[in-house]
Amino acid sequence: MTGNGTERGQGEAALQVRGLSKSYGSLKAVRDLSFEAFRGEIIGFLGPNGAGKTTAIRMLSTILPPDAGSFTLGGVAHTDAIAIRQRIGVLPESAGYPFQQTGDEFISYHGRLFGHSPARAREIGASLLQEVGLGERASSRISSYSRGMRQRLGVARTLVNEPEVLFLDEPTLGLDPAGQRQMLRLISDIARQRQTTVILSTHFLDEVEQICSRVLILKQGEVAAEGSIADIKRQTAPRAARFSVPPEMHDEALAHLAKAAGIAHAAPANSEPGSIIATFENGWMTENSRLGMNSAIRALTDAEVPILSFELEGSRLSDAFLSLTEEEPQ
Amino acid sequence: MTSMTRPKRAWLVIAGQELRELWLSARGPVLVLLFSLLLSVITYLAAADKELNILDQRQTVNLVLQVTLAIGVALALLLSADAISGERERETLESLLLTPIPRRDIAIGKLVAAFSVWPVIILVAIPYIWILREGGEIFTDAVLVAPLIGALLVVAFASLGLVVSTASSSNRASLAVSFFAFVALMVPTQLPLKGWTGDALRYTNPVTAGSRFIEKVVVDNHSWGDEVSLLIAPVLAAVITLTAAVVLATRLRIYGGFGR
């Protein structure tokens, strides 16, 4: 799986959010949230706990009324809650299931609630359960489903109305790696095949890197960063580089790196023999990253120290995320 | 999107699902079985042991009707008290609120399921009344008056339970408040109500008034017209609480309360 979705700016936005705000008493849960989402794109909705992701999703799904701001979904204003709900699918973070029902009863029931006839609701239910890989367990009680199966059942439920926008709040939480991979593939397929816009709220940043075309990072209810994953990574400069050299040349490499231009200091990495972390001078990498990396590499190659591996610390989405959302020490 | 229309009469879909869950699962049938066992014991004691039974036949039929009324009202109240707050606690409410059906339809569908307890309970009670009857007149009076009073009180209490459930963020709180309301309104039926306060309570408490109406018609053989004033409180209670339940349901929220 790779970054998915339609390029930004193509066609009309499926979702346009303008200045959405929500407070609980004195706590401002979401402040002035604005963004656009286009057909078929998957947007990673990121933020630490309490950043306002769930509140934002609840406002966008008409469960909570905003205190200020507005949004349109498929051209429908947020004030027409019923029309909005007809156009969205939502998998809440803590979605409960009626354990006494079977998978097909559950999906058919929701199909009926979206206005389908009993026969059509059953037909849709069978098709969706097949699509999410639960076809063979359709007539089993939900109580016998694993967590991963329940999550896929939840996704199937969100599709009964062929939504234009799908909000998924932590869909892979509690799933094992195989379940996570299966869920990501499913989300990716939904966006690609159905051209559904997916707003994916998750704490798993590797998932975001795998399937999202854009990310929106919230911090204390405000947008801390928005853009493509590459844009976000660029907003936070790498802070250090990790070099791996032969253990017998470790000390020599350390000395050369410490003297290299733009390197504030070099120190052995704690866990791995032959591994060195070279920390860049503050701001230096931002100004001339290519030169900085080359300078450090040249210091080693000139000294004929073989570089077994080289990795920029801070070049991952998780580094950018932490840099953008971590509190400054008081 | 598919060619969906806004769901019409969605309360029927909700009611159908709630009725299936109540009556096709163990919950409803077990409650009815327990009620049936209770009536069997009362009927056996009344019909088989004439020497120990100090009540005459009309009073015995009245006792069965009063027990039936109390059980029917309690079950309807507790079912509706669990209807919203239970979904909230089981985390299934959000999925329901995310559907395009009006909140009012959710309330009506759930109320219909709670109301369904009463016809079932009264159907179970009828054979016992038949066994205990003495002559056709008391049977006719009993099977006409009890369903009517029961229906009014079941509507009132189920609606009250739904209002409490809609407002409660915890299911335990909803059930506790509803049960307390049930006990508080039921206790005066067992008290000797005397003086003007007794009269006031008799006519204003819908349970006391309904219970008294049944007693007057079945035991004292009064006509319905003689005691029509006793019907005012049950009718008003049913209308007011039902209206409140349906109106307040439009403000149903994912958390408790009725605010924005």
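Bear in mind that the values here come from a model prediction, so they are computed numbers and not experimental data.

Reading guide: rules and limits
Residues numbered from 1 in each chain as written. Chains lettered and ligands numbered in written order. Predicted model: local features only at pLDDT ≥ 70, side-chain atom pairs only at ≥ 80, totals over all residues. Heavy atoms only, no water. Pairing = 2+ DSSP bridges. Helix = DSSP H or I, 4+ residues; strand = E, 2+ residues; numbered from the N terminus. Contact = heavy atoms within 4.5 Å. Axes fitted to C-alpha atoms, helices over the stretch in contact; angles between N-to-C directions. Buried area = accessible area lost by both parts, 1.4 Å probe. Salt bridge = Lys/Arg side-chain N within 4 Å of Asp/Glu carboxyl O. Polar contact = N/O pair within 3.5 Å; in protein donor to acceptor, adjacent residues only side chain to side chain. Nonpolar A, V, L, I, M, F, W, Y, C, P; charged D, E, K, R; others polar. Buried < 20%, exposed > 50% of the residue type's maximum accessible area, 1.4 Å probe, protein only.

Some remarks on the sheet that holds strand β4 (residues 68-73) of chain A
All names here are of chain A.
In step 1: The 4 strands lie next to each other as β2-β1-β4-β5, forming an open sheet whose pairing is antiparallel. Bordering the open sheet on either side are β2 (27-38) and β5 (76-77), each of which pairs with just one other strand.
In step 2: Of the pairings in the sheet, the one linking strand β1 (residues 13-24) to β2 comprises 8 bridges and is antiparallel in character. Counterpart to Y24 in the pairing with β2 is L27.
In step 3: Across the sheet, helix α1 (residues 53-60) lies against β1, β2 and β4, angled at about 120° from β1, the strand it touches most.

Describing the interface of chain A and chain B
Accessible area lost upon the coming together of the parts is a frequently used measure of interface size.
In step 1: Contact residues are listed per partner, giving 36 residues for chain A and 26 residues for chain B.
In step 2: Roughly 3,000 Å² of surface becomes buried between chain A and chain B when both sides are summed, with 59% attributable to carbon and sulfur atoms.
In step 3: Taken together, the connections running from chain A to chain B amount to 1 salt bridge.
In step 4: With a shortest N-O distance of 3.0 Å, R58(A) and E94(B) are connected by a salt bridge.
In step 5: Between the two partners, chain A and chain B, sit 7 residue pairs in polar contact (both at pLDDT 80 or more).
In step 6: Of all elements in the fold, only α2 (81-87) and α3 (103-113) of chain A reach the threshold of two or more residues within the side of chain A that touches chain B.
In step 7: Among the elements that take part in the side of chain A that touches chain B, α2(A) stands out by supplying 5 residues, more than any other.
In step 8: Class assignment for the residues of the side of chain A that touches chain B results in 15 nonpolar, 11 polar and 10 charged.

With respect to unusual backbone geometry
All names here are of chain A.
In step 1: In the Ramachandran plot, Q195 falls in the positive-phi region, its phi being about 60° despite a non-glycine side chain.
In step 2: For Q195, the location among the structural elements is in the loop between α6 (177-194) and β8 (197-201).
In step 3: Its relative accessible area of 29% is what places Q195 among the partly exposed residues.
In step 4: In this structure, Q220 is a non-glycine residue whose phi angle is positive, near 50°.
In step 5: For Q220, the position within the fold is in the loop between β9 (214-219) and β10 (222-228).

Concerning the sheet that holds strand β14 (residues 309-313) of chain A
Residues and elements named next belong to chain A.
In step 1: Taken together, 4 strands build an open sheet; the order of strands is β12-β13-β11-β14 and the sheet is antiparallel. Both outer strands of the open sheet, β12 (263-268) and β14, are each paired with one neighbouring strand and no more. Each neighbouring strand pair of the sheet contributes to a mean axis angle of 20°, computed without reference to strand direction.
In step 2: Both β12 and strand β13 (residues 275-280) contribute to a ladder of 5 bridges, which runs antiparallel.

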